[in-house]
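# Chain and residue survey
For reference, the chains in residue letters:
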Amino acid sequence: MKKFFILLFFPLPLLAQQRAPITLYRTIQVDGANYQAILTKPDSPGKHPAVFLIGGLGCYSLDNLKPDDTFFQLLSGLTQRGYVTMRVEKNGEGKSQGPPCNSPQSDLQLAVRRSVTGLNALAATDFVDRDNIFILAHSIGPLEGVLVAQKFPVRGFIAAETIGRGWFEYQLENTRRQLQILGLPYDESDRTVRTMERCQYRFFMEKQSPKQILKTSPKCKDSVNTFGVSYTYLQQIADLDLAVEWKKVDVPVLVTYGTSDPTTSPDESHYLTDMINSFHPGRASYVEFPGMGHGLDLTPSPRAWLEAIQKHQHGPFDQEFLNQMANWLDHQKIASADKP
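Residues numbered from 1 in each chain as written. Predicted model: local features only at pLDDT ≥ 70, side-chain atom pairs only at ≥ 80, totals over all residues. Heavy atoms only, no water.

## Section: the overall build of the protein chain
To keep it simple, the criterion reads: The secondary structure listing takes helices from DSSP runs of H or I that are at least 4 residues long and strands from runs of E that are at least 2 residues long, numbered from the N terminus. Atoms considered for the radius of gyration are the C-alpha atoms alone. The globule rule reads 2.2 Å times the number of residues to the power 0.38. For the accessible areas, the method is Shrake-Rupley and the probe is 1.4 Å, while residue cover comes only from the protein chains on display. Note on charges: Lys and Arg go in the positive column, Asp and Glu in the negative column, and His and the chain ends are not counted at all. Every charge is mapped to an atom, namely NZ of Lys, CZ of Arg, CG of Asp or CD of Glu.
Each helix and strand counted, the protein chain has 12 helices and 8 strands in total. By the compact-globule yardstick of 20 Å for 340 residues, the protein chain fits well, its C-alpha radius of gyration being 20 Å. Each principal axis of the C-alpha atoms in the protein chain carries an extent, and together these give about 60 × 45 × 40 Å. For the protein chain, the accessible surface area stands at approximately 14700 Å², while carbon and sulfur atoms represent 52% of it. On the protein chain, the mean spot of the 35 positive side-chain charges and the mean spot of the 36 negative ones are 5 Å from each other.

## Observations concerning the state of the cysteines
To be explicit about the condition: Only a pair of cysteine sulfur atoms within 2.5 Å counts as a disulfide in this structure description. Using a 1.4 Å probe on the protein chains alone, a residue whose accessible area is under 20% of its type maximum counts as buried, one over 50% counts as exposed, and one in between counts as partly exposed.
Summed over all chains, the structure comprises 2 disulfides. Disulfide partner of C59: C101, at an S-S distance of 2.1 Å. Because the sign of the S-S torsion sets the handedness, a value of about -85 degrees for the bond joining C59 and C101 places this disulfide among the left-handed ones. Of this pair, C59 sits in the loop between β3 (48–54) and α2 (70–80) while C101 is found in the loop between β4 (84–88) and α3 (108–123), placing the two residues 42 residues apart along the sequence. Overall, C59 belongs to the partly exposed group, its relative accessible area being 24%. One disulfide in the model links C199 with C220; its S-S distance is 2.0 Å. Across the disulfide from C199 to C220, rotation about the S-S bond amounts to roughly -75 degrees, and the bridge is consequently left-handed. One end of the pair, C199, is in helix α6 (residues 186–205); the other, C220, is in the loop between α7 (210–216) and α8 (231–239), and 21 residues separate them in sequence.

## Quick word on helix α11 (residues 302–310)
Our working rule: The arc in question is the one spanned by the directions pointing from the helix axis to the C-beta atoms. Residue contacts are counted whenever heavy atoms from the two residues lie within 4.5 Å of one another.
Residues of α11 that are buried: W305, L306, A308 and I309. Viewed end-on, α11 has its buried residues packed into an arc of 165 degrees, placing them on one side of the element. Looking at the buried residues of α11, the elements they touch are α5 (167–181). The positive-phi residue at the C-terminal boundary of α11 is H312, with phi of around 60 degrees.

## Focus on the environment of M196
Among the secondary structure elements, M196 is positioned in helix α6. When the C-alpha atoms of M196 and E245 are compared, they prove to be 27 Å apart, with 49 residues separating the residues in sequence.

## As for the side chain of Q36
The line we're drawing: Between N or O atoms, a polar contact is any pair within 3.5 Å; within protein, one atom must be a potential hydrogen donor and the other a potential acceptor, and residues adjacent in sequence are included only when both atoms are from side chains.
Turning to its location among the elements, Q36 is positioned in strand β2 (residues 33–41). Overall, the relative accessible area of 8% leaves Q36 in the buried class. Reaching out from Q36, the side chain makes a polar contact with the side chain of D63 at a distance of 3.5 Å. Sequence-distant contacts of Q36, that is, excluding residues within four places in its chain, are made with Y25, R26, D63, R87, V88, E89, K95 and S96.

## Overview of the packing of α2 against helix α12 (residues 319–332)
Filter applied, for reference: Orientation is described by axes fitted as lines to C-alpha atoms, over the contacting stretch for helices, and by angles from 0 to 180 degrees between their N-to-C directions. The cut-offs work like this: below 35 degrees is roughly parallel, past 145 is roughly antiparallel, 65 to 115 is roughly perpendicular, and the gaps in between are oblique. By convention the crossing between two helices is left-handed if the near helix lies anticlockwise of the far one by an angle smaller than a right angle, and right-handed if it lies clockwise. Side-chain classes follow a simple rule in which Ala, Val, Leu, Ile, Met, Phe, Trp, Tyr, Cys and Pro form the nonpolar group, Asp, Glu, Lys and Arg form the charged group, and the remainder, Gly included, forms the polar group.
Put simply, α2 and α12 touch, their axes get as near as 10 Å, and they point 40 degrees apart. By the angle class used here, α2 and α12 are oblique. The two elements α2 and α12 cross, and the hand of that crossing is right-handed. Packed against α2, whose contacting residues are Q73, L74, G77 and L78, the element α12 presents Q319, F321, L322, M325, A326 and L329 at the interface. For the contact of α2 with α12, the class distribution of residues is 7 nonpolar, 3 polar and no charged.

Pasting the structure below:
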């Protein structure tokens, strides 16, 4: 499961469209275990700018993406625009070793070490321009990525379809929003959220495991759903003070929101943008994409996206997201002539 839920405009150059990206594999080591890194590179010589992808919530492989997968189209589109891309398989997924993705050892700190190690390997690659490496983080990814960017100097950061407030607060608001989108009466949705608040207090604040909570409160089952990942990962995510963490990262940031995304809101994205700019004036910008859902796919409405994802369906990739993101990256790059 790639998405979390309770879950300047130029066309691609014709020449770039005709040159297929090259896919390469590398092995990196994290805590003594081998992890698989997957790269795409342009079919052209020289050093290229690069984008490091941090995906959303869940345990899944990022290898062998199907052509209709939005991540496949996003990464191949970036490579057609001249960017190397890298993603690192999560521990226990694909050909990566390490503890199982859903084990307590697979916490947020391990995820950060995995990404930092991947970025260091990316920077050492002979066809990558070390001064022009960016993070592209999707969904819950920016909450991990903001910690990564404190340990590896990137040129810029794209925070796509994410949040600016704490995870506990977000979970309650997200649940209420989605229940109302689906038409549940207000009294029923409020009752559900109140139950979730009590259950998640035990989970996030008292640090009880889901097993401990369910032993005495079976009604908490939906409230302590970890979406397949380690409960320790989510508890550490909930401990993050995002304002404190973003204050430490002084790089250009692009915050994006699709109007058909029911898993977050424009208010969250505006909050994140304003927060970053309060610490680093002018560093963050916000772009809204009409009709884009949480999976970077086009869909008529937030409700339509929710109903489709419940059927494991998705709409076509939003090419405008790729175009605007790539143009933002081009604008942020340090040109060779400008380097010291």
